[in-house]
Amino acid sequence: MSSPAFWQGIEEFNQRQFYACHDTLEAIWLEASELDKRFYQGVLQIAVACYHLGNYNWRGAVMLLGEGIRRLYDYQPSYHGIDVELLLHQSIQLLHNLQQLDPERAEEFYCQLAAKQQQSSERASAELANTLHSSNEREIDLTHGCQLPYILKVSDRAQG
């Protein structure tokens, strides 16, 4: 059974508090068994990749997403009560979109991703439209088919 600190880290991840998630899970990772270390490290790397993306660091996001995906691959479909398969699917799609992107557009990509995920769509759409319109460029959805990863508990998936 996973510790309360683990679930705190998962909650921080899902609230997009990626730096806090890193700190919380790193403390668990340092004390974990070898089998669990690889799992925690994979989740940590995806969290740090999202943190880098939020700072428009395309290279850091791509590198850490790839490493996190590689580490989590053997933990499918679920591990420690989380839906690893879903986390990997979302992370792979995000990585794919980033790899197709000019690194100079990382800020635009992240702004689109953040706006896309906000619930108040009218305000987000207006801000997004202002961000996207440049001189002669048409609005292009750089985030098609992807989102920031979300960690789902296996028990929540069974209820939904």
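Look up: the structure comes first, before these words.
Computed from a predicted model, the values in this text were never measured in an experiment.

Conventions used here
Residues numbered from 1 in each chain as written. Predicted model: local features only at pLDDT ≥ 70, side-chain atom pairs only at ≥ 80, totals over all residues. Heavy atoms only, no water. Helix = DSSP H or I, 4+ residues; strand = E, 2+ residues; numbered from the N terminus. Contact = heavy atoms within 4.5 Å. Areas by Shrake-Rupley, 256 points an atom, 1.4 Å probe, with all protein chains shown as cover. Buried < 20%, exposed > 50% of the residue type's maximum accessible area, 1.4 Å probe, protein only. Polar contact = N/O pair within 3.5 Å; in protein donor to acceptor, adjacent residues only side chain to side chain. Core = buried A, V, L, I, M, F, W, Y, C linked by side-chain atoms within 4.5 Å. Phe/Tyr/Trp six-rings, centres within 6.5 Å; stacked < 30°, edge-to-face > 60°. Lys NZ or Arg CZ within 6 Å of the ring centre and 35° of its normal. Expected span 1.5 Å × (residues − 1). Salt bridge = Lys/Arg side-chain N within 4 Å of Asp/Glu carboxyl O.

This part is about the overall build of the protein. A count of helices and strands for the protein gives eight helices and two strands. Going from N to C terminus, the protein has its helices and strands arranged as α-α-α-α-β-β-α-α-α-α. Long-range contacts, defined as pairs at least 24 residues apart, comprise 67% of the intrachain contacts of the protein with a sequence gap of at least 6. With the model as given, the accessible surface of the protein reaches about 9,100 Å², and the carbon-plus-sulfur share is 49%.

Our focus in this paragraph is the side chain of aspartate 83. Structurally, aspartate 83 can be placed in strand S2 (residues 82–83). Aspartate 83 gets classed as buried once you look at its relative accessible area, which sits at 3%. In terms of polar contacts, aspartate 83 uses its side chain to reach the backbone amide nitrogen of leucine 86, at 2.9 Å.

Turning to helix H1 (residues 4–14), a few remarks are in order. Listing the buried residues of H1 in full gives Phe6, Gly9, Ile10, Glu12, Phe13 and Asn14. Contacts from the buried residues of H1 go to helix H2 (18–31), helix H3 (34–54), S2 and helix H5 (84–99). Directly after H1, the chain includes arginine 16, whose backbone phi takes a positive value near 65°.

On to the nonpolar core. Within the largest apolar cluster, 40 residues are counted, with the highest numbers of intra-cluster contacts made by Phe39, Leu72, Leu94, Leu98 and Phe109. Among the elements that line this core, the one with the most residues is H3, at ten residues.

Turning our attention to the environment of glycine 54. Residue placement: glycine 54 occurs in helix H3. Residues glycine 54 and phenylalanine 18 lie 36 residues apart in sequence; the distance between their C-alpha atoms is 9.4 Å.

With the rule as written, the count across this model stands at ten aromatic pairs. A cation sits over an aromatic face here: lysine 37 above tryptophan 29, 5.1 Å from the ring centre. When the ring centre of tryptophan 7 is taken as reference, the NZ or CZ atom of lysine 153 above it lies at 4.9 Å.

What follows deals with H2. The end-to-end C-alpha separation of H2 is 20 Å, in line with the 20 Å expected for 14 residues at 1.5 Å each. Looking at H2, one finds that the buried residues are Phe18, Cys21, Thr24, Leu25 and Ile28.

Inspection of the entire model under this criterion finds one salt bridge. The shortest N-O distance in the salt bridge between arginine 105 and glutamate 108 comes to 3.0 Å.

This part is about the environment of leucine 101. The topology assignment puts leucine 101 in the loop between H5 and helix H6 (106–117). We classify leucine 101 as buried; its relative accessible area is 9%. Among residues more than four places away in sequence, those in contact with leucine 101 are Trp58, Ala106, Phe109 and Leu142.

Backbone torsion omega between glutamine 76 and proline 77 reads 0°, so that peptide bond is classified as cis. Phi at arginine 16 is positive, roughly 65°, even though this residue is not glycine. Its place among the elements puts arginine 16 in the loop between H1 and H2. Unusually for a residue other than glycine, tyrosine 56 sits at a positive phi of about 65°. Among the secondary structure elements, tyrosine 56 is positioned in the loop between H3 and helix H4 (58–72).

Once that is clear, we can look at the side chain of glutamate 108. Relative to the assigned elements, glutamate 108 resides in helix H6. For glutamate 108, a relative accessible area of 19% puts it in the buried group. Only 3.0 Å separates the side chain of glutamate 108 from the side chain of arginine 105, close enough to count as a polar contact.

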